[in-house]
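# Fold and contact review
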Amino acid sequence: LQQKKELEEHLKRLESTYRELKDVQKEYAISISLRDESRIRYGHLETLFLNAQAGILAQDLEEGIPCPVCGSIHHPAPAKLSEEIPDQKELKRKEQEKAQAEEKVQRLSERASFFKRNLDQEMRNTAELICGTEKNLVKEALIVTGPDELVTAADPVIEKLDDELRALEIRIKA
């Protein structure tokens, strides 16, 4: 009875950890997409901002007067002032959004790693418990690749323990 309870507790923890890992992995995948979108938005805005700076400098260029950037006195193709000019505050805000998205991805990656390590440990503990109670399942327990397979491998052990418990109850009643 104690072995059965212990095995069932291990299986509950295993399933719970597996669900948590899957949830974090889903959230991680979403955050990767959001981070990538944030990087693209920031990159676009940064390009617009830098192009606008060149256009602002080019406004004041006069033939024969040195360029403040390169020193040339000839200006055959000065940059045009863009119609869409983001301000520095907007650029900083997008940069912060990008940094926050990157931090979230990092945190979720660490959480997923944590749950994966816990899942691996729970699988080892459960496999050891199965092997300890049913020697002929040693191979099965060691070759499983996922939590679902480990739960399946534990089913015959639980059934056998149930049978033994019923047999004991019958002997006690007799």
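Analysis parameters
Residues numbered from 1 in each chain as written. Predicted model: local features only at pLDDT ≥ 70, side-chain atom pairs only at ≥ 80, totals over all residues. Heavy atoms only, no water. Helix = DSSP H or I, 4+ residues; strand = E, 2+ residues; numbered from the N terminus. pLDDT = per-residue confidence, 0-100. Contact = heavy atoms within 4.5 Å. Salt bridge = Lys/Arg side-chain N within 4 Å of Asp/Glu carboxyl O. Buried < 20%, exposed > 50% of the residue type's maximum accessible area, 1.4 Å probe, protein only. Core = buried A, V, L, I, M, F, W, Y, C linked by side-chain atoms within 4.5 Å. 1 Å grid on protein atoms, 1.4 Å probe; cavity = no way out; pocket = protein on both sides within 12 Å on 5 of 7 lines; lining within 4 Å. Points joined across faces, edges and corners; volume = space filled by probe spheres on them. Nonpolar A, V, L, I, M, F, W, Y, C, P; charged D, E, K, R; others polar. Phe/Tyr/Trp six-rings, centres within 6.5 Å; stacked < 30°, edge-to-face > 60°. Patch = residues over 30% accessible without salt bridge, like charges linked within 9 Å, V, L, I, M, F, W, Y side chains within 5 Å. Areas by Shrake-Rupley, 256 points an atom, 1.4 Å probe, with all protein chains shown as cover. Disulfide = S-S within 2.5 Å.

Relative to the assigned elements, asparagine 118 resides in helix H2 (residues 88-133). Through-space distance from the C-alpha of asparagine 118 to that of arginine 13 is 9.7 Å; in sequence the pair is 105 residues apart.

To continue, consider the confidence of the model for the chain. On average, residues of the chain score 82 in pLDDT, and 76% of them are at 70 or above. Mean pLDDT across the elements of the chain bottoms out in helix H3 (residues 138-143) (52) and peaks in helix H1 (residues 2-59) (90).

Position of serine 38 relative to the elements: it lies in helix H1. Other than its neighbours up to four places away in sequence, serine 38 contacts Lys94, Glu97, Lys98 and Ala101.

Per the stated rule, a full pass over the model turns up nine salt bridges. Between glutamate 97 and arginine 93 there is a salt bridge whose closest N-O contact spans 2.9 Å. Of this pair, glutamate 97 and arginine 93 both sit in helix H2, four residues apart, which is roughly one turn of that helix. For glutamate 97, a relative accessible area of 27% corresponds to the partly exposed category. The class for arginine 93 is partly exposed, based on a relative accessible area of 40%. For aspartate 120, the salt bridge identified is with lysine 116, shortest N-O distance 2.7 Å. Of this pair, aspartate 120 and lysine 116 both sit in helix H2, four residues apart, which is roughly one turn of that helix. Each of Arg39, Lys98 and Glu102 takes part in one network of salt bridges that share partners.

Bringing the nonpolar core into the picture now. With 11 residues, the main nonpolar core is built from Leu7, Leu11, Leu14, Leu21, Val24, Leu108, Ala112, Phe115, Leu119, Met123 and Leu129. No other element matches the six residues that H2 contributes to this core. Those residues in contact with phenylalanine 115 that lie beyond four places of it in its chain are Thr17, Glu20, Leu21 and Val24.

The next point concerns the layout of surface pockets. Roughly 160 Å³ of internal volume is contained in the largest pocket. In terms of lining, the largest pocket is formed by 15 residues, of which the most central are Ala58, Leu61, Cys67, His75 and Pro78. The class makeup of the residues in the lining of the largest pocket is 12 nonpolar, three polar and no charged.

Moving on: the packing of aromatic side chains. Taken as a whole and assessed by the stated rule, the structure comprises one aromatic pair. Centroid distance phenylalanine 114 to phenylalanine 115: 5.4 Å. Interplanar angle 65 degrees. Geometry classified as edge-to-face.

Turning next to a nonpolar patch on the surface. Nonpolar side chains collect at one region of the surface, where Ile56, Leu81 and Ile85 lie side by side and expose about 230 Å² of accessible area between them. Tracing the sequence through the fold places isoleucine 56 in helix H1. When its relative accessible area of 37% is taken as the criterion, isoleucine 56 is described as partly exposed.

Looking now at the state of the cysteines. Summed over the entire model, instances satisfying the criterion amount to zero disulfides. Between cysteine 67, a free cysteine, and cysteine 70, which holds the nearest cysteine sulfur, the sulfur-to-sulfur gap is 3.8 Å. We classify cysteine 67 as buried; its relative accessible area is 15%. Assessed through its relative accessible area of 58%, cysteine 70 is described here as exposed.

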